[in-house]
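# Examining the three-dimensional arrangement
Residues per chain, in single letters:
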Amino acid sequence: CGVFGVFGHPRAAQVTYYGLLALQHRGQEAAGITATDGERMYSHKGLGLLSDVFRDGQLDTLQGSAAIGHVRYSTAGSNTVQNAQPITVLTHRGNLAMAHNGNLVNAGDLRRWLEKQGSLFQSTSDTEVVLHLVARAGRDTVVENIQNALSFIKGGYALVFLTEHQLVAVRDPLGLRPLCLGRLGDGYVVASESCAFETIGAEFLRDVEPGELIAVGPDGLQTFPPTHPTRRAMCTFEHIYFARPDSDIDGWNVHAVRKQLGRILAQHHPAEGDIVIGVPDSSISAASGFAEESGIPFEMGLVKNKYIARTFIQPAQELRDIGVRLKLNAVRSVVDGKRVVLIDDSIVRGTTSRRIVQLLREAGAREVHVRISSPPYRYTCHYGIDTSSKGQLIAARMSVEEICREIDADSLEYLTQTELMQAFGFREGERVPFCNACFSGQYPTEVYEEDKRAHER
Ligand code: SF4
Ligand code: MG
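About the criteria used
Residues numbered from 1 in each chain as written. Chains lettered and ligands numbered in written order. Predicted model: local features only at pLDDT ≥ 70, side-chain atom pairs only at ≥ 80, totals over all residues. Near = placed C-beta within 6 Å. Helix = DSSP H or I, 4+ residues; strand = E, 2+ residues; numbered from the N terminus. Nonpolar A, V, L, I, M, F, W, Y, C, P; charged D, E, K, R; others polar. Axes fitted to C-alpha atoms, helices over the stretch in contact; angles between N-to-C directions. Parallel < 35°, antiparallel > 145°, perpendicular 65-115°, else oblique. Left-handed = near helix turned anticlockwise from the far one by under 90°. Contact = placed C-beta atoms within 7 Å. Core = buried A, V, L, I, M, F, W, Y, C linked by C-beta atoms within 7 Å. Buried ≥ 20, exposed ≤ 12 C-beta atoms within 10 Å, placed from the backbone. UniProt positions renumbered as here; feature names shortened; annotations may be inferred. Pairing = 2+ DSSP bridges.

### Some points on the site of ligand 1
Among the 13 residues in the neighbourhood of ligand 1, the closest are listed as Cys 235, Phe 237, Cys 381, Cys 435 and Cys 438. Counting only elements with at least two residues in the shell around ligand 1, the list comes to α7 (236-242) and α16 (437-440). In terms of residue class, the shell around ligand 1 is built from nine nonpolar, three polar and one charged.

### Quick word on the packing of helix α4 (residues 127-135) against helix α5 (residues 142-150)
Relative orientation of the contacting elements α4 and α5 amounts to 125°, with a least axis distance of 8 Å. One element, α4, and the other, α5, form an angle in the oblique class. Crossing geometry of α4 relative to α5 is assigned as right-handed. Across the interface between the two elements, Val 130, Leu 133 and Val 134 of α4 pack against Asn 145, Ile 146 and Ala 149 of α5. Looking at the contact of α4 with α5 residue by residue, the classes come out as five nonpolar, one polar and no charged.

### A closer look at the nonpolar core
Formed by 74 residues in total, the largest nonpolar core has its most connected members in Ala 67, Met 98, Val 160, Ala 169 and Val 190. The residues contacting Met 98, other than those within four sequence positions of it, are Pro 86, Ile 87, Thr 127, Val 130, Leu 131, Leu 159, Val 160 and Phe 161. The next biggest cluster of nonpolar side chains, apart from the first, holds 65 residues, and it includes Phe 237, Phe 298, Leu 342 and Ile 343.

### With respect to the UniProt feature "binding site: Mg(2+)" (unreviewed entry) in the protein
Mapped onto this numbering, the UniProt entry gives "binding site: Mg(2+)" (unreviewed entry) at Ser 282, Asp 344 and Asp 345. With the annotated positions falling across 64 residues, the maximum pairwise C-alpha distance of 7.9 Å places them together in a single cluster. Here Ser 282 lies in the loop between β17 (275-278) and α9 (284-294). Not counting the four nearest positions on each side in its chain, Ser 282 is found in contact with Tyr 241 and Asp 345. If we skip the residues at most four places from it in the chain, Asp 345 touches Ile 240, Tyr 241, Ser 282, Ser 283, Ala 286, Ser 373 and Ser 374.

### A look at the sheet that holds β17
Read from one edge of the open sheet, four strands run β17-β20-β21-β22, paired in parallel fashion. Here the strands that pair on one side only, and so sit at the sheet edges, are β17 and β22 (411-414). Averaged over neighbouring strand pairs, the angle between their axes works out to 20° when direction is ignored. The pairing of strand β21 (residues 367-372) with β22 spans four bridges and is parallel. Residue pairing in the sheet places Val 370 in a bridge with Leu 412 of β22. Packing against the sheet, helix α12 (residues 351-362) makes contact with β20 (339-344) and β21, and its axis sits at approximately 150° to β21.

### Observations regarding the pairing of strand β13 (residues 220-224)
Of the strand pairs in this sheet, strand β12 (residues 213-217) and β13 are connected by five bridges, and their pairing is antiparallel. Among the inter-strand pairings, Ala 215 is bridged to a residue of β13, identified as Gln 222. Connecting β12 to the next strand, β13, in antiparallel fashion are two residues.

### What about the environment of Ala 22?
Secondary-structure assignment places Ala 22 in helix α1 (residues 12-22). In this structure Ala 22 comes out as buried when scored by C-beta crowding, with 24 C-beta atoms within 10 Å. For Ala 22 and Leu 62, which are 40 residues apart along the polypeptide, the C-alpha to C-alpha distance reads 20 Å. In this structure, Ala 22 is in contact with Cys 195, Ala 196 and Thr 199, ignoring residues within four places of it in sequence.

This is the structure:
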């Protein structure tokens, strides 16, 4: 998912809309915006792309100088309008809206506890749990109520809250999910990724620190550092696949990291080929790094239909298969008779790679050597990236040789975890500020049995 917030701009909802457009790659299942003019709150949300949800002038009804927004892909809870965000509750001190990127590991426990206390839930998403915790905290200020709620929740989250008078943004204590802060005129903006700031002409100030809470109100910006600083565990998969290449996360530019991953891949896992091609869009940076390092020419052997949403983000397997076919085509004049080195950022279920190798062979490729710019994805993510259960992860079931056969490649190699960390400048054995749990199985938080079972199906 992607979150956005703005405080102190006369057209807050419009700014949010454009910010969210830049974050649309983070989720295409639902979108929503809540704005406030200091007295009332105005919301609109629905299923689909932003441009679908706000097709009929709904944006003009969202008045005021502060707003938050969300683009959704479902990791927890089903894809229904009830689960679209922002979600809003009426508390004894006014309205409170909230949007969430990430996934809590103890939402189930908290939900049962809240229900016993009489809370009524409208959705199946774990986001509502946070909102109920805030609403019932009963402290003096909204910030204190939010801080109280945060003391109960565990997992990965970037949260934005809106009241009639304040915008509040929070990043989880490990920094699993990204969140950054910018300046727009006299106001402030927060967004999942910095690319949103460039789109709207805001100035990037900094990343929100892990565990930090930032509150913006009529008196300006206040920051509340984490009470118990822990180690950092930023999601590497944001860099590998999820984020946009023009974003910077925690000081690393995503494109530069991907390119470096491609270089390291060429150094440690070379392949004999005539051309290097990347799977658009997320693997182009890594493919260009591989080509530069290996001296094998970079070519455009695959063309993407820009008007098809990311295949992964369609939840049902049947739809995903069709999605791959609609999405990519091979350029025959480029690949015909060639030994192709195919760079992809990850193999999750294996459907995409298998189909792409097949496309390339149908277009005349003589050999297809697949190189993956990340380690085998073997464990499910509990922090908001991947929805697939362990049984669907091809690397959880098969060895690299078996996967190679399954996707019908001539050879297949992945980066190791050490090589992955090299791209960020870390040496073997060094303590790293990253989560690599989907590769290593070493989760940076407790993982509750129930959450585990939900992912193991
Ligand atoms: Fe990111 Fe993987 Fe950690 Fe999930 S498990 S937060 S995808 S690195
Ligand atoms: Mg891809």
